[in-house]
Amino acid sequence: MVIHNTNLENQGLYLIRWLSRGDAIKRLCSILGAAIVVLIEYNHKLAPVVKTLKFHYYLYFLADVLAEMNTLNRFFQRRSVDITLVSQEVDRTVTYIRHRYIEYVPARTHSNSRRRSYRATSGSMSDCEDLCSAFAKDMVANVEQRLWDLKWMGGAGLFKVECWPKKAEVRERRHLSWLASNVALFYHKLPGVNQRATKLELKSFAHIMKNHRADDDFNQGLAAMLKTRDWPKSYPNLMAFWQAMAVLPLSTVECERGFSRQNMIKSWLRTSLCDARLSELMTINMLDYDMDYAEIVDIWRKQKTRKQAKTVAYEAPLDKGKSAAEDSDEEIAASEGSYKDDDDDDDDDDDADD
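Residues numbered from 1 in each chain as written. Predicted model: local features only at pLDDT ≥ 70, side-chain atom pairs only at ≥ 80, totals over all residues. Heavy atoms only, no water.

1. Some thoughts on the overall build of the chain
Next, step 1: Looking only at helices and strands, one finds 17 helices and zero strands in the chain.
Next, step 2: Every one of the 354 residues in the chain was classed for burial, and the buried ones make up 30%.
Next, step 3: Long-range contacts, defined as pairs at least 24 residues apart, comprise 66% of the intrachain contacts of the chain with a sequence gap of at least 6.
Next, step 4: Carbon and sulfur atoms make up 53% of the accessible area of the chain, which amounts to about 25,400 Å² in all. (Helix = DSSP H or I, 4+ residues; strand = E, 2+ residues; numbered from the N terminus. Buried < 20%, exposed > 50% of the residue type's maximum accessible area, 1.4 Å probe, protein only. Contact = heavy atoms within 4.5 Å. Areas by Shrake-Rupley, 256 points an atom, 1.4 Å probe, with all protein chains shown as cover.)

Below you can see the structure in the form of structure tokens.
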């Protein structure tokens, strides 16, 4: 639906990316009054539709649900995502949708227990609630189906003290549960890991983590542990699990960023770039290396003998101009002196005549 109206065009609804659909729907809700007035004024065929309860209910429902999904999408769009926060963020979004649109809807008896189709609605309040509840159930099911490995990601809580329960008994049971998740996920992929030795390392590992690494997050704690020689030697199995968790890809964001950087680097003016050079430029661009460009240029110059521009010694033209000016000054001074001598001789002759 395209309406040429200044109030609508100023909102920029036609330039919204798919990631911001929730913001676009929310913006449409804010200008809904102006849109209805314009549709009625132009006698548009959608004017009767936008005034119904069904349209308003669905529009505000989509604005609310898609806003929550966009919040989850922005979490995965971060450059550095803490794996221990993934399960919490997804659970928060799913719980919000269930509580607001699935569990909150009052139970009603229907003659037909089959779930209604999205389009099979008459526009009443009960039909709108049924439709939104069915849509919310499908959305939650799709999220859980796509993020099926959340139960395995929960094992990352073993390496972050903030995720640990405060009570000792509950903490020990949670540690064993997290360890079982890590073993089930990585045991066959890490052949050097010993399952029995891992359980023996757990108690001492948890004690030192609680007393010394309580403030570090998942990635910072791993970086600090790898700098010391004692941790990889004392806890080789648990450190192997920790390193494997740190490199798990949580989303396709980095791949999408890589394609965007590729299009920016290899433009239509640089189509002759080879794959090796393009890969090096993309690596430098994406990892944000702090490079010394003067050292890079010096290395490039020393790789082989470079052609240098030939210089020819010549006299500067300014010297010649200066000498010519001095000569002209001397000639002018000499001529002025001769004029003065002639004037003096004429004066002497006049005195003699007198």
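2. Structural notes on unusual backbone geometry
Leaving glycine out, the prevailing phi sign among residues is negative, and the prevailing peptide bond configuration is trans.
Next, step 1: Look at Asn43: it is not a glycine, yet its phi comes out positive at around 55°.
Next, step 2: Considering the arrangement of structural elements, one finds Asn43 in the loop between helix H3 (32–41) and helix H4 (47–50).

3. Re the packing of aromatic side chains
Next, step 1: Per the counting criterion, the structure on display carries 10 aromatic pairs.
Next, step 2: When the ring of Phe159 is compared with that of Phe205, the centres are 6.0 Å apart and the planes differ by 80°; the resulting orientation is edge-to-face. Of this pair, Phe159 sits in the loop between helix H8 (150–153) and helix H9 (168–186) while Phe205 sits in helix H10 (residues 195–212), and the two are 46 residues apart along the sequence. Across this residue pair, the class does not change: Phe159 and Phe205 are buried.
Next, step 3: One aromatic cluster in this structure is built from Phe159, Phe205, Trp231, Tyr235 and Trp242. (Phe/Tyr/Trp six-rings, centres within 6.5 Å; stacked < 30°, edge-to-face > 60°.)

4. Here we look at the pattern of salt bridges
Next, step 1: Tallying each qualifying case throughout the model produces nine salt bridges.
Next, step 2: Residue Glu89 pairs with Arg92 through a salt bridge whose shortest N-O separation is 3.3 Å. In this pair, Glu89 and Arg92 both sit in helix H6 (residues 86–102), three residues apart, roughly one turn of the helix.
Next, step 3: Glu144 is paired through a salt bridge with Arg98; the nearest N and O atoms lie 2.6 Å apart. Note that Glu144 is positioned in helix H7 (residues 125–146) and Arg98 in helix H6, a separation of 46 residues in sequence.
Next, step 4: Residues joined in a network through salt bridges with shared partners are Glu68, Glu89 and Arg92. (Salt bridge = Lys/Arg side-chain N within 4 Å of Asp/Glu carboxyl O.)

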